[in-house]
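So you can see what is in the structure, the chains are spelled out below.
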Amino acid sequence: MRLRGLVGAVKGRSSRLVEPQTVGLKKHWSVVGSGVWSLLLSVGAGIVSHPVDGSTLMEASGQSTSKDRADDGSFPDGTWIEHDQQVMAAIRAALNLHATITISDREGKILYMNSRFLELTGYNQEELLGQDHRIVNSGYHTKEFFGQMWATILDGRTWSGEIRNRAKDGRDFWVDAVIVPQLDSAGAVVRFVSIRTDITRLKTIEAELKDLNQGLDRRVHERTAELEQSRAQVDALNAELEQRVDERTRQLDTTNTQFRLLFEHAPLGVSWVEFGEHEVYHLNERFCEIIGLSQDDARDFKNIQGVTHPDDRLRQRVLQEKVKRGETDRYSLEKRYLRPDGGTVW
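Small disclaimer: the values here were computed from a predicted structure and weren't measured.

Engineer: I would appreciate a short explanation of the environment of Arg166 in the present structure.
Structural biologist: With respect to the helices, strands and loops of the structure, Arg166 is situated in strand β3 (residues 159-166). When the C-alpha atoms of Arg166 and Arg134 are compared, they prove to be 9.6 Å apart, with 32 residues separating the residues in sequence. Here the side chain of Arg166 touches Asp172 through a polar contact of 2.6 Å, side chain to side chain.

Engineer: For this particular structure, what's the right way to read helix α13 (residues 310-324)?
Structural biologist: Residues spaced three or four apart along an α-helix point in a common direction, a consequence of the helix completing one turn every 3.6 residues. Its 15 residues give α13 an end-to-end C-alpha distance of 22 Å, which sits within 8% of 21 Å, the value for a rise of 1.5 Å per residue. What α13 keeps buried is the set Asp312, Gln316, Gln320 and Val323. One face of α13 carries all of its buried residues, which in axial projection span an arc of 65°. Away from its buried face, by an angle of more than 90 degrees, α13 presents the exposed residues Asp311 and Leu314. Of the surrounding secondary structure, the elements contacted by the buried residues of α13 are α12 (301-307). Following α13 by one or two positions, Gly326 adopts a phi angle in the positive range, close to 80°.

Engineer: Can you walk me through the pattern of salt bridges in this structure?
Structural biologist: Any two side chains of opposite charge can pair if their charged atoms end up close together. A complete count under the given rule lists 20 salt bridges for this structure. Its salt-bridge partner being Asp311, residue Arg336 comes within 3.9 Å of it at the nearest N-O pair. One end of the pair, Arg336, is in the loop between α13 and β8 (337-338); the other, Asp311, is in helix α13, and 25 residues separate them in sequence. Note on Arg336: relative accessible area 18%, which makes it buried.

Engineer: Please explain helix α4 (residues 85-98) as it appears in this structure.
Structural biologist: An ideal rise of 1.5 Å per residue puts 20 Å on 14 residues; α4 measures up with 20 Å between its terminal C-alpha atoms. Burial in α4 covers these residues: Val87, Met88, Ala90, Ile91, Arg92, Ala93, Ala94, Leu95 and Asn96.

Calculation notes
Residues numbered from 1 in each chain as written. Predicted model: local features only at pLDDT ≥ 70, side-chain atom pairs only at ≥ 80, totals over all residues. Heavy atoms only, no water. Helix = DSSP H or I, 4+ residues; strand = E, 2+ residues; numbered from the N terminus. Polar contact = N/O pair within 3.5 Å; in protein donor to acceptor, adjacent residues only side chain to side chain. Expected span 1.5 Å × (residues − 1). Buried < 20%, exposed > 50% of the residue type's maximum accessible area, 1.4 Å probe, protein only. Arc of directions from axis to C-beta. Contact = heavy atoms within 4.5 Å. Salt bridge = Lys/Arg side-chain N within 4 Å of Asp/Glu carboxyl O.

As structure tokens, this is what we get:
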């Protein structure tokens, strides 16, 4: 269901990533961590670019071969997504919209960048091609920081970390970066693929929280000294703390309201369960639209089980029981829903 929501979220958006051509670096992508990056990279969400000499920088799986299929013509479990061109196109488009992507040679010269990188840095393609990433160096990090990074990737290992860069207009921004070396048949590093997520907003909030905590610590020491001198000052401090609690409570209420609005109006189908004496189901309108139930009907898990494909019910129940027993705090499952109108959705 999450993948169908992803397709819906990017439908109609243009992408500068071109269609994949041949099987290439899938084995090198597998070293990139876990979670959504592992999904996007391991299923072959590739990028193809042609530099001046016309050579292909990187290729990814987009053609099915006879050896990919079982004797009966079906795809092995977990591999069908690699052969669904529409899903793969949606994944590539989503990655291109969400993250900056660059490909550079062994010396760090930029050979390819996606439109998100241009948007974030403020440079155009002509200004970046052939340059190295020092063009966005903010001067924040030490030589040792980049020395360790280069030692890692030149050794053929994946590097990840947070980097503070500088855009063309002088604005600094933070990215969470993953750099994956591309190896040739002999195991030598020939290129680097870099994927970065803009985390500037998060870093700003972290800095604000740090300042706030430092300010609060300073106030506590000041107030403690004052309390030793006067009981009246104790009363004044209590009143001030109560005001701060009220302020924070209002802020939390506002945040909770914003979260609720985001949840209810999200373009993706979202649902979760609170386990306890009584299970409480939360789901948004988009989720109900996808499975074909009203919100009232969908809040009853029996109804959701009723539209779940029979082959998927037991698997989901086993995973839910593991969550209830505390053996895990999450699970991932591809399942089918049989809509009341006769349609089937994944």
